[in-house]
Amino acid sequence: MTAEDALAEAVEEAARLVVASSHVVALVGAGLSVESGIPPFRGPGGLWTKYGEPDMRGYERFVSDPKQWWEERISGSAAYRELVESLSQAQPNPGHHALKELEDLGYLKHIITQNIDNLHQVAGSHNITEIHGNRTKLRCITCNSRWPLDEFPIDELPPHCPDCGGVVKSDTVMFGEPIPRDALEECIQQTAACDCMLLVGTSAVVYPAASFPADVKMQGGKLIEVNPNETPLTETSDVVLRTAAGESLPRVVQKVRELANV
Ligand code: APR
């Protein structure tokens, strides 16, 4: 069997699982946006691979002096500047569009994304939980109110929440910051309902996101890994698409259309 035959077989198997499932959830990581020009964090070309793991006390430092954080926010580290530069240029790629199409067809119920790049929204997906926040928003750390960056006038540092007076920060979850309660609750509910999880472009090493696939497996669900490299989830995955997401996800959607005759 050639590599192409094996991939075609895996694509068909993945599509069959998707069509046979009742609540498919995609757990998305930085790998999905690599083909949009945004570097991943780990593995080849990863930001942490290049610059080293970031300081895990980012949130602790923010809470101790939010005004200084806001004043320093524009500067940031070399890794931060490289990430921001790539984020500002990025557009959705065929992988994002494939997930949007799967949602439109009714076969993808929810996306849990670890990405902050807003590309799922730009691609037109709707049912999204951003477990690590969204770079285009601000959030109150007390009541979790969120605002688009361009709809929140920053006339004091640190800015304060008009709803509860709490301190407002970037919605992007910092290292050491608790996952916002509303986002975590949605992820838990979606995982509990999930009978098939697409693992798209994630190294599956950051918790709590990395725990969701194990929960799905424990409740009898199926796992489909879409990643050019092995991960800790490879051996428990029912189907492995060892390719870039932009290559195999569109093929899975095409096969779902054929199988479901839609
Ligand atoms: N298509 C699919 N997967 C890809 C592609 C691609 N084109 N290119 C790389 N990958 C895979 C890599 O093999 C790797 O397994 O994407 C994964 C990216 O892993 P990470 O960089 O660790 O990203 P992620 O899993 O999202 O990290 C989780 O860690 O640093 C924090 O907050 C950050 O949300 C991030 C979290």
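Everything below is about the structure printed above this text.
Everything numeric in this text was worked out from a predicted model, so none of it was measured.

Calculation rules
Residues numbered from 1 in each chain as written. Predicted model: local features only at pLDDT ≥ 70, side-chain atom pairs only at ≥ 80, totals over all residues. Heavy atoms only, no water. Near = heavy atom within 4 Å. Polar contact = N/O pair within 3.5 Å; in protein donor to acceptor, adjacent residues only side chain to side chain. Areas by Shrake-Rupley, 256 points an atom, 1.4 Å probe, with all protein chains shown as cover. Nonpolar A, V, L, I, M, F, W, Y, C, P; charged D, E, K, R; others polar. Pairing = 2+ DSSP bridges. Helix = DSSP H or I, 4+ residues; strand = E, 2+ residues; numbered from the N terminus. Axes fitted to C-alpha atoms, helices over the stretch in contact; angles between N-to-C directions. Buried < 20%, exposed > 50% of the residue type's maximum accessible area, 1.4 Å probe, protein only. Parallel < 35°, antiparallel > 145°, perpendicular 65-115°, else oblique. Left-handed = near helix turned anticlockwise from the far one by under 90°. Contact = heavy atoms within 4.5 Å. Core = buried A, V, L, I, M, F, W, Y, C linked by side-chain atoms within 4.5 Å. Phe/Tyr/Trp six-rings, centres within 6.5 Å; stacked < 30°, edge-to-face > 60°.

*Asks:* Is there a simple way to explain the site of the ligand in this structure?
*Replies:* What surrounds the ligand is a group of 22 residues, the closest being F41, R42, S203, N227 and N229. Contact between the ligand and Q114: an oxygen atom at 3.1 Å from a main-chain N or O atom of the residue. A distance of 2.6 Å is found between an oxygen atom of the ligand and a side-chain nitrogen or oxygen belonging to S203. In isolation the ligand has 730 Å² of accessible area, and contact with the protein removes 92% of it. Of the residues in the shell around the ligand, the class split is eleven nonpolar, nine polar and two charged.

*Asks:* Help me understand the sheet that holds strand β5 (residues 146–148) in this model?
*Replies:* Note: strands within a sheet are paired through backbone hydrogen bonds, in either parallel or antiparallel orientation. One open sheet accounts for three strands, arranged β5-β4-β6; its pairing is antiparallel. Bordering the open sheet on either side are β5 and β6 (168–170), each of which pairs with just one other strand. On average, adjacent strands in this sheet sit at an angle of 30° to one another, irrespective of strand direction. Alignment of strand β4 (residues 137–140) against β6, held across three bridges, turns out to be antiparallel. Along β6, the bridge assignment pairs L138 with S170.

*Asks:* Would you mind showing me how to read the side chain of D171 here?
*Replies:* Inspection of the secondary structure puts D171 in the loop between β6 and α8 (181–193). For D171, a relative accessible area of 3% corresponds to the buried category. A distance of 2.7 Å separates the side chain of D171 from the side chain of R139, its partner in a polar contact.

*Asks:* What should I look at first to understand the packing of helix α6 (residues 94–104) against helix α10 (residues 245–260) in this one?
*Replies:* The axes of two packed helices give the description: the angle between them and the distance between them. It is at 7 Å that the axes of α6 and α10 come closest, and there the two elements cross at 25°. It follows that α6 is roughly parallel to α10 by the angle criterion. Every pair of crossing elements has a handedness; the one defined by α6 and α10 is left-handed. Two secondary-structure elements touch here, α6 through P94, G95, A98, L99, E101 and L102 and α10 through A245, G246, L249, P250, V253, V256 and R257. Among the residues making up the contact of α6 with α10, the classes are represented as nine nonpolar, two polar and two charged.

*Asks:* Help me understand the environment of A214, please; the structure alone is not making it clear to me.
*Replies:* Its location among the elements puts A214 in helix α9 (residues 212–218). Here A214 falls in the partly exposed class, since its relative accessible area comes to 38%. With 177 residues separating them along the chain, A214 and G37 place their C-alpha atoms 30 Å apart.

*Asks:* I tried to follow the nonpolar core on my own but got confused; where do I start?
*Replies:* The nonpolar side chains of soluble globular proteins are, as a tendency, buried together. Grouped together as the largest cluster of nonpolar side chains are 29 residues, with contacts concentrated most on L99, L198, I224 and L241. Only α1 (3–20), β1 (24–28), α6, β7 (196–200), β8 (222–226), β9 (239–241) and α10 provide two or more residues apiece to this core. Counting residues per element, this core draws most heavily on α1, at seven residues. Discounting residues that sit within four places of it in the chain, L198 has contacts with V24, V25, A26, L27, L99, L102, L108 and I224. The next biggest cluster of nonpolar side chains, apart from the first, holds 17 residues, and it includes V25, A209, V216 and L223.

*Asks:* How do you make sense of the packing of α1 against α10 when you look at a structure like this?
*Replies:* Between α1 and α10, the least distance of the axes is 8 Å, while the angle of their chain directions is 55°. Our classification of the angle between α1 and α10 gives oblique. The element α1 and its partner α10 pack so that their crossing is right-handed. Facing E4, L7, A8, V11, E12, A14, A15, R16, V18 and V19 of α1, the residues of α10 in contact are E247, R251, V252, K255, V256 and L259. For the contact of α1 with α10, the class distribution of residues is ten nonpolar, no polar and six charged.

*Asks:* Looking at this structure, how should I read the packing of aromatic side chains?
*Replies:* Any pair of aromatic rings gets described here by the distance separating the centres and the angle formed by the planes. Following the criterion strictly, the structure yields six aromatic pairs and no others. Aromatic side chains F41 and W48 sit 5.0 Å apart centroid to centroid with 35° between the ring planes, which places their arrangement in the tilted category. Ring geometry for W69 against W70: centres 5.3 Å apart, planes inclined by 90°, an arrangement best described as edge-to-face. A residue is classified by how much of its surface remains accessible, and W70, at 7% relative accessible area, is buried. Here a set of aromatic residues connected by ring pairs shows up, and it is made of Y59, F62, W69 and W70.

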